[in-house]
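# Structural description and commentary
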There are 2 protein chains.
Amino acid sequence: MNYPNGKRSTKQSHALRRKSKPDFSNRGMSLEEDISVTNEYYLNAGKAVVHKKPTPVQIVNVDYPKRSAAVIKEAYFKQASTTDFNGVYRSRYIDFEAKETKNKTSFPLSNVHQHQIDHMKAVHQHGGIAFMIIKFTPLDEVYLLPSPLLFEYWDEQSNGGRKSIPYSFIHEHGEKIPFHYQARVDYAAALDKLYF
Amino acid sequence: MNYPNGKRSTKQSHALRRKSKPDFSNRGMSLEEDISVTNEYYLNAGKAVVHKKPTPVQIVNVDYPKRSAAVIKEAYFKQASTTDFNGVYRSRYIDFEAKETKNKTSFPLSNVHQHQIDHMKAVHQHGGIAFMIIKFTPLDEVYLLPSPLLFEYWDEQSNGGRKSIPYSFIHEHGEKIPFHYQARVDYAAALDKLYF
């Protein structure tokens, strides 16, 4: 509703603006976004320092217009050689990948890439904590799966093993990640139980 | 010299090709490239898992041509919120930034950004090892400076302190990083002396 002065009522424009903000329910945001919000909260609360790595891009051509920012005109996506997130928590190096599945009964290993496994194995060997955060979207449940449990299934796959990890296994041996108002994917709470 | 068949002599084209390869002397490559070569060596030797973070880019427009790779047509450089390198070494989280200076007598603090200091302070508080690798290019000398020594100079700056760290201070209190045939910037050797 517009007032004679041409401005929207404050009430209405507030409501409109609110639409583009996160609504703090557990729906609508991707797992990755939820984790980034969590990381920001952890950082501000002095709890952990964890960042998402930028998407690797091969830059081929850049334009430098006068009086404005450089524009990348040609670039290509590169294969990452690591996982998406790493940082430091309670003096330990932590490193993880986040994956969502629409499946209710298992987590398909086709979601994982060999280079991610190689990287997590190296991290594990060097004394870091490597893990996977898995969200079963239809169940709205999120789990932390320590990397050695993932490696078991991954390595069995090429020996005629199954191509997915059963939900029941993850439910039993993984650590369920609680939803927390500010730490939307409160993986630090799960790490506390598993590693500290 | 071209032969009648229109091909260059093998000898000559070898010599030409060799130019674009690293020649394993300590010259010609940037500090950052030398560190990336070192990281690759550390990874393959099972010594450490350290990677350079990709340049953060805001992608605006992507073209998906048929039968070929996606092309980023418009993107912009974003400000990084961390340092360039991080990883795990001997079970510790390590995090660092690499800087070269053409100066012989001091390292100008203008090479460092506030967000890098903030990040290194957070890492240090969480029990990670944060440091700076500084190369005095004209001297061909590389040093590891533990972040607390950097913080001292950084924080003094705004209290009327100097705007650079004297070479003599870095030479005395930093750890000189040896050149090693494969680990061209052998910072792990310097970490061993300082932290383990």
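Residues numbered from 1 in each chain as written. Chains lettered and ligands numbered in written order. Predicted model: local features only at pLDDT ≥ 70, side-chain atom pairs only at ≥ 80, totals over all residues. Heavy atoms only, no water.

In the annotation of an unreviewed UniProt entry, chain A is listed under the name Holliday junction resolvase RecU and assigned to Halobacillus yeomjeoni.

### Topic: the packing of aromatic side chains
Residue and element names in this part refer to chain B. Under the definition given, this model contains 23 aromatic pairs over all chains. When the centroid spacing of 6.1 Å and the interplanar angle of 80° are considered together, the rings of Tyr143 and Tyr167 count as edge-to-face. Of this pair, Tyr143 sits in strand β8 (residues 141-146) while Tyr167 sits in helix α5 (residues 167-173), placing them 24 residues apart in sequence. Tyr167 carries the same exposure label as Tyr143, and that label is buried. On the numbers, 4.9 Å between centres and 65° between planes, the contact of Tyr153 with Phe169 is edge-to-face. Of the two residues, Tyr153 is situated in helix α4 (residues 147-157) and Phe169 in helix α5; the sequence distance between them amounts to 16 residues. (Phe/Tyr/Trp six-rings, centres within 6.5 Å; stacked < 30°, edge-to-face > 60°. Helix = DSSP H or I, 4+ residues; strand = E, 2+ residues; numbered from the N terminus. Buried < 20%, exposed > 50% of the residue type's maximum accessible area, 1.4 Å probe, protein only.)

### Comments concerning the sheet that holds strand β10 (residues 175-176) of chain B
Residues and elements named next belong to chain B. Here we have six strands laid out as an open sheet, ordered β1-β4-β5-β7-β8-β10, and mixed in their pairing. Of all strands in the sheet, those with a lone pairing partner are β1 (49-52) and β10, marking the two edges. Of the pairings in the sheet, the one linking β1 to strand β4 (residues 85-89) comprises four bridges and is antiparallel in character. Bridge pairing links His51 to Asn86 in β4. On the sheet, α4 packs against β7 (129-136) and β8 and is oriented at approximately 85° with respect to β8. (Pairing = 2+ DSSP bridges. Contact = heavy atoms within 4.5 Å. Axes fitted to C-alpha atoms, helices over the stretch in contact; angles between N-to-C directions.)

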